[in-house]
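Fold and contact review
Given next are the chains, with one letter for each unit.
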Amino acid sequence: MSSHRRRRDDGRSSRRQRRTRSRSALGELTFSVGHVERLLREGHYAQRLSSSAPVFLAAILEYLTAKVLELAGMEAQKSGRRRITPELVDMAVHNNALLSGFFGTTTISQVAPARE
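Conventions adopted
Residues numbered from 1 in each chain as written. Predicted model: local features only at pLDDT ≥ 70, side-chain atom pairs only at ≥ 80, totals over all residues. Heavy atoms only, no water. Phe/Tyr/Trp six-rings, centres within 6.5 Å; stacked < 30°, edge-to-face > 60°. Buried < 20%, exposed > 50% of the residue type's maximum accessible area, 1.4 Å probe, protein only. Salt bridge = Lys/Arg side-chain N within 4 Å of Asp/Glu carboxyl O. Helix = DSSP H or I, 4+ residues; strand = E, 2+ residues; numbered from the N terminus. Axes fitted to C-alpha atoms, helices over the stretch in contact; angles between N-to-C directions. Parallel < 35°, antiparallel > 145°, perpendicular 65-115°, else oblique. Contact = heavy atoms within 4.5 Å. Nonpolar A, V, L, I, M, F, W, Y, C, P; charged D, E, K, R; others polar.

In this structure the tally under the stated criterion is one aromatic pair. When the centroid spacing of 5.4 Å and the interplanar angle of 80° are considered together, the rings of Phe102 and Phe103 count as edge-to-face. Note on Phe103: relative accessible area 24%, which makes it partly exposed.

This is how it looks when you write it as structure tokens:
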């Protein structure tokens, strides 16, 4: 080849810049890794922070959110409702043994008492 540019196997030029992908996209996550990292740094939870810590925490938060919403959706179907309300999220968490133990005494929803 007399050309000064090398060709890759797929025919693209090696001089072409590749688009940078976010850490959320690399980890195939919906939750923002950058946002989680900023919260970890601003919270001063530790003096040092590894590069994988915010990715791991974002993945855990995304999984827990999906699980809680899945259980709340099943509660909504059981009760014949079309929307997930805070009360259904509360029921879903407290009816699941693992989540109930994990959240402990956390208040998920506060329902105002009925006015007379």
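As a further point, take the pattern of salt bridges. Once their charged atoms are close, side chains differing in charge can pair, the charge on each being opposite to the other. With the rule as written, the count across this model stands at five salt bridges. The closest approach of N and O atoms between Glu37 and Arg23, which form a salt bridge, is 2.5 Å. With a gap of 14 residues between them, Glu37 in helix 2 (residues 33-43) and Arg23 in helix 1 (residues 23-26) connect regions that are remote in the sequence. Owing to a relative accessible area of 14%, Glu37 belongs among the buried residues under this scheme.

Helix 4 (residues 86-95) packs onto helix 3 (residues 53-78) with a crossing angle of 110° between their chain directions and a minimal axis gap of 8 Å. As summarised for this structure, helix 3 and helix 4 are arranged roughly perpendicular, according to the angle between their axes. Note on element contacts: helix 4 touches helix 3 through Leu88, Val89, Met91, Ala92, Val93 and Asn95, opposite Val68, Leu71, Ala72, Glu75 and Ala76. Class assignment for the residues of the contact of helix 3 with helix 4 results in nine nonpolar, one polar and one charged.

None of the figures reported here should be taken as evidence of function without further support.
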